[in-house]
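# An overview of the molecular structure
The primary structure of each chain is shown beneath.
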Amino acid sequence: MIIGLFFISLGALIHYGKLYNLIAGYNTMPTSEKKKVDIEGVAKLFWYVMLVMGLAFMSLKSVILTLDIAEYKEVLFWGILIIGLGFLIWQSNTNRYKV
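This report concerns the structure included in the present document. (Residues numbered from 1 in each chain as written. Predicted model: local features only at pLDDT ≥ 70, side-chain atom pairs only at ≥ 80, totals over all residues. Heavy atoms only, no water.)

Two elements in contact, helix α1 (residues 2-15) and helix α3 (residues 39-67), have axes separated by 7 Å at closest approach and are oriented at 165°. It follows that α1 is roughly antiparallel to α3 by the angle criterion. Relative to α3, the crossing made by α1 is left-handed. Here Ile3, Gly4, Leu5, Phe7, Ile8, Leu10, Gly11, Ala12, Ile14 and His15 of α1 lie close against α3, whose contacting residues are Glu40, Ala43, Lys44, Phe46, Trp47, Met50, Leu51, Met53, Gly54, Leu55, Phe57 and Met58. Its residues assigned to classes, the contact of α1 with α3 comprises 16 nonpolar, four polar and two charged. (Axes fitted to C-alpha atoms, helices over the stretch in contact; angles between N-to-C directions. Helix = DSSP H or I, 4+ residues; strand = E, 2+ residues; numbered from the N terminus. Parallel < 35°, antiparallel > 145°, perpendicular 65-115°, else oblique. Left-handed = near helix turned anticlockwise from the far one by under 90°. Contact = heavy atoms within 4.5 Å. Nonpolar A, V, L, I, M, F, W, Y, C, P; charged D, E, K, R; others polar.)

Structure representation (C-alpha cells):
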C-alpha cells in the first residue's frame, strides 16, 4: 500500500508539480539538449506509468489473498516493477518525445 502511494505521489509531483529534474538523465542534460525534449510529454507518460504501477502495487495484497498465492508475492512485485519501468524507459526514448 505504501509503495503504491509512493509511486502515485512521485508521478504526480513530476507531472503536476513540474519537478522534471527528478527524471533521471534530464537534470544532467545541457540546456541545448533539454530544448530537444518534449518534457511535458515525458512527464505525462511518467505520471500514467507511475499511476498504473501504484494501483497495481496497492491491489497486489488483495490479489494475493484472494487467489491464495502468497508464495508468488515477490515474483509479482518484481514483475510489476520491471515491466512498468521497462515500458517507461522504452516509451520515453522513442522519437515521440523529441522536438
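What characterises a pair of aromatic rings is the spacing of the ring centres plus the angle enclosed by the ring planes. Applying the stated criterion to the full structure yields six aromatic pairs. With a centroid separation of 5.9 Å and 85° between ring planes, the pair formed by phenylalanine 6 and phenylalanine 7 is classed as edge-to-face. Measuring from centroid to centroid gives 5.4 Å for tyrosine 16 and tryptophan 47, while their planes differ by 70°, and the two rings are edge-to-face. Residue tyrosine 16 is located in the loop between α1 and α2 (31-34), and its partner tryptophan 47 is located in helix α3; the two are separated by 31 residues in the primary sequence. According to the relative accessible area criterion, tyrosine 16 is exposed, its value standing at 58%. Residue placement shows lysine 34 over the ring face of tyrosine 26; its charged tip is 5.0 Å from the ring centre. (Phe/Tyr/Trp six-rings, centres within 6.5 Å; stacked < 30°, edge-to-face > 60°. Buried < 20%, exposed > 50% of the residue type's maximum accessible area, 1.4 Å probe, protein only. Lys NZ or Arg CZ within 6 Å of the ring centre and 35° of its normal.)

Right, let's talk about the layout of surface pockets for a bit. Looking at the largest pocket, its volume works out to about 390 Å³. Going through the elements one at a time, α1, α3 and α4 (73-92) are the ones with two or more residues in the lining of the largest pocket. Considering only enclosed or pocket space, the second largest pocket measures out at about 160 Å³ in volume. For the second largest pocket, the full set of lining residues is Met1, Ile2, Ile3, Gly4, Phe57, Met58, Leu60, Lys61, Lys73 and Phe77. Where the lining of the second largest pocket is concerned, the elements lending two or more residues are α1, α3 and α4. Per-element tally for the lining of the second largest pocket: the top contributor is α3, with four residues. Tallied by class, the residues present in the lining of the second largest pocket amount to seven nonpolar, one polar and two charged. (1 Å grid on protein atoms, 1.4 Å probe; cavity = no way out; pocket = protein on both sides within 12 Å on 5 of 7 lines; lining within 4 Å. Points joined across faces, edges and corners; volume = space filled by probe spheres on them.)

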